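An overview of the molecular structure
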There are 2 protein chains.
Amino acid sequence: MTKIGFIGLGIMGGPMAANLVKAGFEVTGYNRGRSKVDKLVEAGGRGAVSIAEAVREADIVITMLPDSPDVEAVVLGEDGVLAHAREGALLIDCSTIRPDVSREISGRIRALDAPVSGGEQGAIDGSLSIMVGGEAADFEAAKPVLDAVGGTIVHVGGPGAGQTVKAANQLIVAGTIELVAESLVFLEAHEVDTEAAIKVLAGGLAGNRILDRKAAAMVKREFTPGFRVELHDKDLGIVQAAAREAGVVIPLGAAVAQLMASLKAQGHGGLDHGALLKLVAQLSGRE
Amino acid sequence: MTKIGFIGLGIMGGPMAANLVKAGFEVTGYNRGRSKVDKLVEAGGRGAVSIAEAVREADIVITMLPDSPDVEAVVLGEDGVLAHAREGALLIDCSTIRPDVSREISGRIRALDAPVSGGEQGAIDGSLSIMVGGEAADFEAAKPVLDAVGGTIVHVGGPGAGQTVKAANQLIVAGTIELVAESLVFLEAHEVDTEAAIKVLAGGLAGNRILDRKAAAMVKREFTPGFRVELHDKDLGIVQAAAREAGVVIPLGAAVAQLMASLKAQGHGGLDHGALLKLVAQLSGRE
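Keep in mind that this is a model prediction, so the values were computed, not measured. (Residues numbered from 1 in each chain as written. Chains lettered and ligands numbered in written order. Predicted model: local features only at pLDDT ≥ 70, side-chain atom pairs only at ≥ 80, totals over all residues. Heavy atoms only, no water.)

What follows covers the overall build of chain A. The number of helices and strands found in chain A is 15 helices and nine strands. By principal-axis analysis of the C-alpha atoms, chain A measures approximately 65 × 45 × 35 Å. Sequence separation of at least 24 residues holds for 61% of the intrachain contacts in chain A that already meet a minimum separation of 6. Looking at chain A as shown, the accessible area adds up to about 10800 Å², and 48% of this sits on carbon and sulfur atoms. Of the side-chain charges in chain A, 27 are positive and 36 negative, and the distance between the mean point of each set is 2 Å. (Helix = DSSP H or I, 4+ residues; strand = E, 2+ residues; numbered from the N terminus. Contact = heavy atoms within 4.5 Å. Areas by Shrake-Rupley, 256 points an atom, 1.4 Å probe, with all protein chains shown as cover. Lys, Arg positive; Asp, Glu negative; His and termini not counted. Charge placed at Lys NZ, Arg CZ, Asp CG, Glu CD.)

Residue and element names in this part refer to chain A. Counted according to the given criterion, the structure contains 26 salt bridges over all chains. A salt bridge links Lys264 to Asp233; its shortest N-O distance comes to 3.7 Å. Of the two residues, Lys264 sits in helix α14 (residues 251-268) while Asp233 sits in helix α13 (residues 229-246), which places them 31 residues apart along the sequence. Overall, the relative accessible area of 41% leaves Lys264 in the partly exposed class. (Salt bridge = Lys/Arg side-chain N within 4 Å of Asp/Glu carboxyl O. Buried < 20%, exposed > 50% of the residue type's maximum accessible area, 1.4 Å probe, protein only.)

Before going further, it helps to examine the environment of Lys3(A). Residues and elements named next belong to chain A. Among the structural elements, Lys3 can be located in strand β1 (residues 3-7). Note on Lys3: relative accessible area 28%, which makes it partly exposed. Spatially, the C-alpha atom of Lys3 lies 9.9 Å from that of Gly24, the residues being 21 residues apart in sequence. The contacts of Lys3, once residues within four sequence positions are left out, are Glu26, Glu57, Ala58, Asp59 and Ile60.

Here we take up the relation of the copies chain B and chain A. Two copies of one chain are present, and they are related through a rotation about an axis combined with an axial shift. Overlaying chain B with chain A gives an RMSD of 0.0 Å, the required rotation being 180° about an axis along which the chain moves by 0.0 Å. Such a combination of rotation and displacement between the chain copies is what one expects of a two-fold axis. In terms of C-alpha distance to the rotation axis, chain B has Asn208(B) as its closest residue, with the C-alpha 2.0 Å off the axis. Most of the interface of chain B is mirrored in chain A: 100% of its interface residues are interface residues there too. (Least-squares fit on C-alpha atoms with pLDDT ≥ 70 in both.)

Next up on the list: the packing of α13(A) against α14(A). All names here are of chain A. Close contact between α13 and α14 brings their axes to 9 Å; oriented N to C, the two are set at 145°. Crossing of α13 against α14: the hand is left-handed. Across the interface between the two elements, Val229, Glu230, His232, Asp233, Leu236 and Gln240 of α13 pack against Ala254, Val256, Ala257, Met260, Ala261, Leu263, Lys264 and His268 of α14. Classifying every residue of the contact of α13 with α14 by side-chain character gives eight nonpolar, three polar and three charged. (Axes fitted to C-alpha atoms, helices over the stretch in contact; angles between N-to-C directions. Left-handed = near helix turned anticlockwise from the far one by under 90°. Nonpolar A, V, L, I, M, F, W, Y, C, P; charged D, E, K, R; others polar.)

Between chain B and chain A, the contact holds 66 residues from the first and 66 residues from the second. Taken together, chain B and chain A are joined by zero salt bridges. Counting across the interface, chain B meets chain A through 26 residue pairs in polar contact (both at pLDDT 80 or more). A total of 20 residues in the side of chain B that touches chain A trace back to one element, the largest contributor, which is helix α9 (residues 161-189) of chain B. A per-class count over the side of chain B that touches chain A returns 40 nonpolar, 18 polar and eight charged. (Polar contact = N/O pair within 3.5 Å; in protein donor to acceptor, adjacent residues only side chain to side chain.)

The next subject is the UniProt feature "domain: 6-phosphogluconate dehydrogenase NADP-binding" (unreviewed entry) in chain A. Annotation from UniProt places "domain: 6-phosphogluconate dehydrogenase NADP-binding" (unreviewed entry) at residues 3-157 of chain A. Overall, residues 3-157 of chain A shows 41% helix and 25% strand. The separation of its end C-alpha atoms is 26 Å. (UniProt positions renumbered as here; feature names shortened; annotations may be inferred.)

Attention shifts here to the UniProt feature "active site" (unreviewed entry) in chain A. Residue and element names in this part refer to chain A. UniProt's feature table lists "active site" (unreviewed entry) at Lys166, given in the numbering used throughout. Tracing the chain through its elements places Lys166 in helix α9 (residues 161-189). Lys166 sits in the buried class, given a relative accessible area of 6%. Apart from residues lying up to four places away in sequence, Lys166 is in contact with Thr96, Pro115, Val116 and Met131.

Turning next to the pairing of strand β8 (residues 128-133) of chain A. Residues and elements named next belong to chain A. Within β8, six of the six residues are buried, which leaves the element mostly enclosed by the surrounding structure. Side chains Leu128, Ile130 and Val132 project from β8 onto one buried face, and the interleaved Ser129, Met131 and Gly133 project onto a second face that is buried too. For strand β7 (residues 116-117) and β8, the ladder comprises two bridges, and the chain directions are antiparallel. Note that in β8 the partner of Ser117 across the bridge is Ser129. (Pairing = 2+ DSSP bridges.)

All right, on to the domain arrangement of chain A then. All names here are of chain A. On domain assignment, one finds that chain A holds domain 1 (3-158) and domain 2 (164-283). Of note, the centres of domain 1 and domain 2, computed from C-alpha atoms alone, are 28 Å apart. In this assembly, 15 residues from domain 1 lie in contact with twelve residues from domain 2. When domain 1 packs against domain 2, the two sides together hide about 1100 Å² of surface, and 59% of this comes from carbon and sulfur. The largest per-residue losses of area from domain 1 upon contact with domain 2 belong to Thr96, Pro99 and Met131, which jointly make up 38% of the total buried on that side. A salt bridge links Glu245 to Arg103; its shortest N-O distance comes to 3.6 Å. Our count for the contact surface shared by domain 1 and domain 2 stands at five residue pairs in polar contact (both at pLDDT 80 or more). (Domains from an automatic or database assignment. Buried area = accessible area lost by both parts, 1.4 Å probe.)

With that settled, the discussion passes to the confidence of the model for chain A. Across chain A, pLDDT averages 97, with 100% of residues at or above 70. In the predicted complex, the global pTM is 0.92; the interface-specific ipTM is 0.92. (pLDDT = per-residue confidence, 0-100.)

What follows is about the packing of α9(B) against helix α14 (residues 251-268) of chain B. Residue and element names in this part refer to chain B. Where α9 contacts α14, the two axes come as close as 9 Å, and the packing angle between them is 70°. With respect to each other, α9 and α14 are oriented roughly perpendicular. Of the residues in α14, those in contact with Leu171, Ala174, Gly175 and Glu178 of α9 are Gly253, Val256, Leu259 and Met260. Classifying every residue of the contact of α9 with α14 gives five nonpolar, two polar and one charged. (Parallel < 35°, antiparallel > 145°, perpendicular 65-115°, else oblique.)

Put into structure tokens, the structure is as follows:
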């Protein structure tokens, strides 16, 4: 049986690890806070008190961490994955980090970058979209494991390509939330029935997942995450750096990055990214 | 049997009128160019040589015209709908025009503003999204007719509300095309497999109709309309005027309006609005 070491049992990693247990894998989990490890044990997994213990016997190591420095520390750091994993073990990094960090890691250890999209609900349902960069043979080896946590799983290119596609994903998601936010504040100002409007907008060429899943909560000013502003702000930093690196001009991407940064600067980093509506309302004097 | 006078048999109006014939309505059509009238006659409708002839016996008059001045001329002008329609006839204006013009017209004649979304294919399939403003009783009277041309038909408020929702629709559509364009040029610059990327982006929170229906053609630089840049530029003028009127700040809406205006200024007004990708490539020195 494939043995999996899972590091990072947060909002996304927790339900992903639980789905791997459900699919019959032997999962040993590690997280800095013990309570999240206990939750995995309740779900039928094993708990580890260190990275070393989580990865020592693993065929596949999965990391799901907040940012590039976290992944560098956990994978390459002293007492990290590289130091303790078996020869030939495959790292699947599901974190959203800088493409160049993914490429650096894949030069040191057999690794795929496999960031996900679909949010907490997608993680719970096992229906995540997973964009995978790395060698084709490693993708094939990882596929049965990824099938247990994802719905749409696509090999998009070599090392770092998964992160590049995830960056594009975060650009589109942030931009779409902002477009929906501008539209909803506009419709409210014109005293249009927003519930009816969301329904008809969703049915035409304007249709998107933000209208389907987030617009109703945005209208109600419900901004419990979900996906936090401070994480999306971090991701838009990755987007801008990667666009600059390739010499690509992204006018809307740059604008929405500024708006997300303003939300964070105003102390709303802990809110759901749907809070972009709050900012549009503020800018329009309609708070 | 309900008699319909249909004015404006272009890319959208032509197939809509044909669907009304198919649904059993008696449709008399008028268009400035005779060839489009002939096409309706071939489809089983009647042809008229003037607005007067098209609307004289109609219970319901439908207009599908390019812009606000066209609707004002056809409805309110000499020898127009108002001059020749029967007392109590209902005007359903499916054009995308300024909300204030719709409100003015509804003060002069029994009328609904009922702009549509879904493009040429939606018109052909009879699956348009229709956002209707006006009196509830008039909406009920129009519903059987709208059912023959649309899939999602929603009464969103009083006179002009349909146009306001359509403005929001055009804001979201233009913005989403631009977000997808920025992402595709970004992915191309990073040498990522765009076909695989489109598939995985469409499966997650970034999913939208532009990825589903237009991204593949955009990657291939196929910009045959579809919906022309010059019309979307006109619509974004309506969006900006209506946002300004309500005091609503729309940073992404304003930015994409500038980009669409640049495409038009460069002589690309006749291309499909997916040509925003062409502009992003140009701005990034990648033509």
